[in-house]
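# Coordinate analysis (summary)
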Amino acid sequence: MDLGLHGKVAIVTGASRGIGQGIARSLAAEGCRLVICARGAEALEATADMLREQGGEVVAITLDVTQPEAGTQLVQTALEHFGRVDILVGNAGGNRRGYFEETSEDDWSALIELNLRAHLRCARAVIPVMKQQGGGAIVFIASIFGREAGGPGLSIYNSTKSALISAAKILALELAPHNIRVNTVAPGSIRFPGGSWDRRMREDPEGTRQFIAQNIPMGRFGTVEEVADVVTFLVSERARWVTGACINVDGGQSRSLI
Ligand SMILES: NC(=O)c1ccc[n+]([C@@H]2O[C@H](COP(=O)([O-])OP(=O)(O)OC[C@H]3O[C@@H](n4cnc5c(N)ncnc54)[C@H](OP(=O)(O)O)[C@@H]3O)[C@@H](O)[C@H]2O)c1
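The structure presented is a predicted model; accordingly, all values stated were derived computationally and were not measured. (Residues numbered from 1 in each chain as written. Predicted model: local features only at pLDDT ≥ 70, side-chain atom pairs only at ≥ 80, totals over all residues. Heavy atoms only, no water.)

### Overview of the overall build of the chain
- The helix and strand inventory of the chain stands at 8 helices and 7 strands.
- Whereas a compact globule of 258 residues would reach a radius of gyration of roughly 18 Å, the chain reaches 18 Å, a difference of no more than 12%.
- Each principal axis of the C-alpha atoms in the chain carries an extent, and together these give about 50 × 40 × 35 Å.
- Out of the 258 residues in the chain, the part that is buried amounts to 53%.
- Put simply, of all contacts in the chain between residues at least 6 apart along the chain, 69% involve residues at least 24 apart.
- When the accessible surface of the chain is summed, it comes to about 12400 Å², and 51% of that surface belongs to carbon and sulfur atoms.
- Positive and negative charge centroids in the chain, built from 26 and 28 side chains respectively, lie 5 Å apart. (Helix = DSSP H or I, 4+ residues; strand = E, 2+ residues; numbered from the N terminus. Rg over C-alpha atoms; globule rule 2.2 N^0.38 Å. Buried < 20%, exposed > 50% of the residue type's maximum accessible area, 1.4 Å probe, protein only. Contact = heavy atoms within 4.5 Å. Areas by Shrake-Rupley, 256 points an atom, 1.4 Å probe, with all protein chains shown as cover. Lys, Arg positive; Asp, Glu negative; His and termini not counted. Charge placed at Lys NZ, Arg CZ, Asp CG, Glu CD.)

### A closer look at the site of the ligand
- Around the ligand there are 27 residues in total, and Ser16, Arg39, Asp64, Asn91 and Ile190 lie nearest to it.
- A distance of 2.8 Å separates a nitrogen atom of the ligand from a polar atom in the backbone of Val65.
- A distance of 2.9 Å separates an oxygen atom of the ligand from a polar atom in the side chain of Lys161.
- For the ligand, whose free accessible area comes to 880 Å², the fraction covered by protein is 89%. (Near = heavy atom within 4 Å. Polar contact = N/O pair within 3.5 Å; in protein donor to acceptor, adjacent residues only side chain to side chain.)

### A closer look at helix 8 (residues 224-234)
- Within helix 8, the full set of buried residues consists of Val224, Val227, Ala228, Val231, Thr232 and Leu234. Angular distribution of buried residues about the axis of helix 8 spans 160°; they occupy a single face of the element.
- Buried residues in helix 8 make contact with helix 1 (18-29), strand 4 (87-90), strand 5 (136-141), strand 6 (180-187) and strand 7 (246-249). (Arc of directions from axis to C-beta.)

### Things to note about the pattern of salt bridges
- Following the criterion strictly, the structure yields 11 salt bridges and no others.
- Across the pair Arg52 and Asp49 runs a salt bridge, and its minimum N-O distance is 3.2 Å. Highlighted residues: Arg52 and Asp49, both in helix 2 (residues 41-53), separated by 3 residues, approximately one helical turn.
- Given a relative accessible area of 38%, Asp49 falls into the partly exposed group.
- Residue Glu113 is joined to Arg121 by a salt bridge in which the shortest nitrogen-to-oxygen separation is 2.7 Å. (Salt bridge = Lys/Arg side-chain N within 4 Å of Asp/Glu carboxyl O.)

### Here's the deal with unusual backbone geometry
- At Asn179, a position not held by glycine, the phi torsion is positive, near 65°.
- Assignment of secondary structure puts Asn179 in the loop between helix 5 (155-175) and strand 6.
- With relative accessibility at 48%, the residue Asn179 sits in the partly exposed group.

### Describing helix 1
- End to end, helix 1 covers 17 Å across 12 residues, agreeing with the expected 16 Å (1.5 Å per residue, within 8%).
- The buried fraction of helix 1 is high, at 10 of 12 residues.
- Within helix 1, burial applies to Gly18, Ile19, Gly20, Gln21, Gly22, Ile23, Ala24, Ser26, Leu27 and Ala28.
- Of the residues one or two after helix 1, Gly31 is the one with positive phi, at around 95°. (Expected span 1.5 Å × (residues − 1).)

### Things to note about the sheet that holds strand 1 (residues 9-13)
- In spatial order, the strands read 3-2-1-4-5-6-7; together these 7 strands make up an open sheet with parallel pairing. Of all strands in the sheet, those bounded by a partner on one side alone are strand 3 (57-62) and strand 7. Each adjacent strand pair in this sheet contributes to an overall mean axis angle of 15°, direction not counted.
- Across 6 bridges, strand 2 (residues 33-38) lies against strand 3 in parallel orientation. Its bridge partner being in strand 3, Ala38 is matched across the sheet by Thr62.
- Taken strand by strand, helix 4 (residues 105-133) contacts strand 1, strand 4, strand 5 and strand 6, and its axis lies near 170° from that of strand 5. (Pairing = 2+ DSSP bridges. Axes fitted to C-alpha atoms, helices over the stretch in contact; angles between N-to-C directions.)

By themselves, these observations are geometric and do not establish any function.
So, in structure tokens, the structure goes:
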């Protein structure tokens, strides 16, 4: 299947490791030109070098997506280097675990900024450009725990990921007349070297095996490539009739009917 992504320009946030790096690699392999970002320069530059070695055209910019001007900076960088922006993948995100009563105002503010407002600011910056170009594709990386209860200790994560899925749905409705598609992807538990599930597996192998047996019908963690493949399809021409959707990538882990 030709995804029709060759020469498209994509912004991927949080691309220096994990799922974001996998998405950047997959888009580069399809011929996209990339603007990638993260806060840590070293890992970001290493990722950019790795992508360039594989033939990718990549601009790496060190920034914190929670800063008010981050969205504008990313879009300006793409326009300066490539003259257009076709795709935005909002991937940077995080978690602050804790029972609600232990969470602080600062915990809530920080995660609302990172998991929700940063994505919206990037969208705000890119939408006028996509409108002018006649279309575009936006994907936000949410979580299955934006669609159903993740459990005690996840009030902030659950709330921010649910809000992101909701916002994307409304953006999809508003932007459909402009041929801009907006979707979310909801990963289940994804393991990669250095990631949180990898750490848990090394710290508590037996407990983690039990977790998998009880929670993931396909019997293993997902991989970054499995998330990246779905994102790559979603931003491609082949998914041109898909907007306002939230796609689980979770080996059956999600229990939600919606
Ligand atoms: N891994 C999973 O099992 C899983 C499951 C469901 C959903 N997700 C979601 O998938 C996304 C990626 O997860 P992951 O596990 O790959 O995360 P990760 O390993 O923590 O990587 C996050 C990436 O985002 C960057 N980043 C974090 N905060 C940033 C900020 N303020 N500004 C710019 N860049 C920032 C990080 O680099 P720096 O730290 O250098 O900035 C890194 O490149 C997140 O939205 C997460 O919630 C993950």
